[in-house]
Amino acid sequence: MKLGIVGLPNVGKSTLFNSMTLGKAEAANYPFCTIDPNVGIVTVPDERLTKLQEMYNSKKVVPAVIEFVDIAGLVRGASKGEGLGNKFLSHIREVDAIVHVVRCFEDSNVVHVDGSVDPIRDIETINLELIFSDIEIIERRIAKTTKMAKADKSLQKELDILETLKTALEGGKCARAVEFDDADDRAFVDSLTLLTRKPVLYAANVTEDDLADDGASNEFVSKVREFAKEEGSEVFVLCAKIEEEISDLDEEDKKEFLADLGVEGSGLDRLIAASYKLLGLISYITSGEQETRAWTITLGTKAPQAAGKIHSDFERGFIRAEVVAYDDLIRLGSYNLAREQGLVRSEGKEYVVKDGDVILFRFNV
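Residues take numbers from 1 onward in each chain, read along the sequence in its written order. Whole-chain, interface and lining totals are the exception, using all residues; otherwise, since this is a predicted model, local features are given only for residues with pLDDT of at least 70 and side-chain atom pairs are given and counted only at 80 or more. Hydrogens and water molecules were not included; the side-chain quantities draw on all heavy atoms of the structure.

Structural notes on the nonpolar core
Here is step 1 of the chain: The term nonpolar core refers to a set of buried residues drawn from Ala, Val, Leu, Ile, Met, Phe, Trp, Tyr and Cys, joined through side-chain atoms within 4.5 Å. Think of it in three bands: residues with accessible area under 20% of the maximum for their type are buried, residues over 50% are exposed, and the middle band is partly exposed, with areas taken using a 1.4 Å probe on protein chains only. The biggest cluster of nonpolar side chains holds 69 residues, and the ones touching the most others in it are Ile 66, Phe 68, Ile 92, Cys 104 and Tyr 202.
Here is step 2 of the chain: Excluding its chain neighbours within four sequence positions, the residues that come into contact with Ile 92 are Val 6, Ile 71, Ile 98, Leu 130, Leu 195 and Lys 198.
Here is step 3 of the chain: In terms of nonpolar packing, the next biggest core, distinct from the first, is built from 21 residues, Ile 161, Phe 180, Val 189 and Leu 194 among them. Any two residues having at least one pair of non-hydrogen atoms within 4.5 Å are treated as being in contact.

Section: the sheet that holds strand β7 (residues 234–238)
Here is step 1 of the chain: Paired strands, as defined in this entry, are two strands with at least two bridges between them according to DSSP. Each helix is a run of H or I in the DSSP string that is no shorter than four residues. Each strand is a run of E no shorter than two, and both are numbered from the N terminus. Spatial strand order, β2-β4-β1-β5-β6-β7: six strands in an open sheet with mixed pairing. Edge positions in the open sheet fall to β2 (38–43) and β7, since each of these has one partner strand only. When strand polarity is set aside, the average angle formed by the axes of neighbouring strands in this sheet is 25°.
Here is step 2 of the chain: Of the pairings in the sheet, the one linking strand β1 (residues 2–6) to strand β5 (residues 97–103) comprises four bridges and is parallel in character. If you follow Ile 5 over to β5, its bridge partner there is Val 99.
Here is step 3 of the chain: Axis lines are fitted through C-alpha atoms, for helices just across the contact stretch, and the angle between N-to-C directions can take any value from 0 to 180 degrees. On the sheet, helix α10 (residues 267–279) packs against β1, β2, β4 (65–70), β5, β6 (200–205) and β7 and is oriented at approximately 175° with respect to β7.

Quick notes on the pattern of salt bridges
Here is step 1 of the chain: Every case where a carboxyl oxygen of Asp or Glu lies within 4 Å of a side-chain nitrogen of Lys or Arg is listed as a salt bridge. Inspection of the entire model under this criterion finds 21 salt bridges.
Here is step 2 of the chain: Among the ionic pairs, Arg 316 bridges to Asp 313, the shortest N-O distance being 2.7 Å. A residue pair is termed a helical-turn pair when its members lie 3 or 4 positions apart in one helix, as Arg 316 and Asp 313 do in helix α12 (residues 312–316) at three residues.
Here is step 3 of the chain: According to the relative accessible area criterion, Arg 316 is exposed, its value standing at 61%.
Here is step 4 of the chain: One connected set of salt bridges, linked through shared partners, spans Arg 320, Glu 322, Arg 339 and Arg 362.

Here we look at the packing of aromatic side chains
Here is step 1 of the chain: Aromatic rings from Phe, Tyr and Trp, taking only the six-membered ring of Trp, are treated as a pair when their centres fall within 6.5 Å; an angle between ring planes under 30 degrees marks them as stacked, one over 60 as edge-to-face, and anything in between as tilted. Tallied over the full model, the rule gives four aromatic pairs.
Here is step 2 of the chain: Between Phe 318 and Phe 361, the ring centres sit 6.4 Å apart and the planes meet at 65°, which makes this aromatic pair edge-to-face. One end of the pair, Phe 318, is in strand β10 (residues 318–325); the other, Phe 361, is in strand β12 (residues 357–363), and 43 residues separate them in sequence.
Here is step 3 of the chain: A relative accessible area of 6% means that Phe 318 is categorised as buried.
Here is step 4 of the chain: These aromatic residues form a ring-pair network of at least three members: Tyr 284, Phe 318 and Phe 361.
Here is step 5 of the chain: Over the ring of Phe 105 we find Arg 103, and its NZ or CZ is 4.7 Å from the ring centre. Sitting over a ring, as applied to charges here, requires NZ of Lys or CZ of Arg to be within 6 Å of the ring centre and within 35 degrees of the ring normal.

Focus on the confidence of the model for the protein chain
Any residue range with low pLDDT should be treated as having predicted coordinates unsuitable for detailed reading.
Here is step 1 of the chain: Each residue gets a pLDDT score, which is the predictor's confidence in that residue and runs from 0 to 100. With 88% of its residues at a pLDDT of 70 or more, the protein chain has an overall mean of 86.
Here is step 2 of the chain: Taken together, the stretch residues 23–35 has pLDDT below 50 and engages in 36 contacts with residues farther than four places along the chain or on a different chain.

With respect to the pairing of β5
Side chains on a regular strand alternate between the two faces of the sheet.
Here is step 1 of the chain: Burial of β5 is extensive: seven of the seven residues sit out of reach of the surface.
Here is step 2 of the chain: Burial of the side chains of β5 extends over both faces: Ala 97, Val 99, Val 101 and Arg 103 are buried on one face and Ile 98, His 100 and Val 102 on the other.

Here we look at the packing of helix α4 (residues 119–149) against helix α5 (residues 156–170)
Here is step 1 of the chain: Packing of α4 against α5 brings their axes to within 9 Å, and their N-to-C directions diverge by 155°. One way to sum up the angle between α4 and α5 is to call them roughly antiparallel. Between α4 and α5 the crossing geometry is left-handed. Contacts from Ile 131, Asp 134, Ile 135, Ile 138, Glu 139, Arg 141, Ile 142, Thr 145, Thr 146 and Ala 149 in α4 reach Glu 158, Leu 159, Leu 162, Glu 163, Leu 165, Lys 166, Leu 169 and Glu 170 in α5.
Here is step 2 of the chain: Its residues placed into classes, the contact of α4 with α5 shows nine nonpolar, two polar and seven charged. Geometric relationships in this document are graded by angle, where less than 35 degrees denotes roughly parallel, more than 145 denotes roughly antiparallel, 65 to 115 denotes roughly perpendicular, and other angles denote oblique. Whether a crossing is left-handed or right-handed is set by the direction in which the near helix is turned from the far one by less than a right angle, anticlockwise for left-handed and clockwise for right-handed. The classification used treats Ala, Val, Leu, Ile, Met, Phe, Trp, Tyr, Cys and Pro as nonpolar, Asp, Glu, Lys and Arg as charged, and all other residues, Gly among them, as polar.

Here it is as structure tokens:
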């Protein structure tokens, strides 16, 4: 999973990136401090892996990972080349989802590119630039498809979809707000790689004082939540400064620090949970003497396709999946006991894998 961290200059993007990836992105009080995207890989915290490693005496643990891309600040007019312009936009096309950092705090020592704090204006500034870029892509595609449709009438449906998208974008709507019932239609729209089609998670950056109540008393956060609810996006509250302060602490010190603030879990933990929910992702686990590993799949994935995450041969030669629920396995303390009690199931090609399934795949190529 690749997440792009975006937002206007000086909203806390690079500070957040540093805290989550222990990266060395420069964070400074001026626009375009981040010119090239910084990339960092973070592991997904999962206590289940540690317990299974102990049970199986695994030589190593391989957690799921998320790739974060810290992308340069965007300003009004980027779609026309202002600031870093389309270089910024091209980096967004490569990510699975967008983490949009929104400034929800007043601080006279931190310059705001527009001179005042207004999270909805900031969100709309970026959305508008992404919409302009998408309109340009749609118009080029319409021109190309119109020519081809003269010889191939079957392309008329694609033209109709493109025109629907163009109308919505010109009306100020993001492409993700346009719903298509037909699976083939949705697949075609997804193939266009429109920026405003990507799911968005808003990160409301607040001060330490607003962290304990999850931003409930912060009027800026309330506005962001209302905006996100209307478009079906997720919001989570964090303090980028606090995240940076705790990034070097070990787990026990980190928990103690957060407890003193009245906060459960780090911003990274909450971001990962929100990202999995946003993208409809779950993890199944394989465990043995060599390694215990988490595999990330989409909710609703069937056993053969889940096996294919390990290796294409597993999917091609799939015979069955031997499955036990993590909770049952931990409760009984061993795989053999789980099998004796009939809790290890033999599942076929139609089995839909669940979060926390511990699976042994049988295959033959």
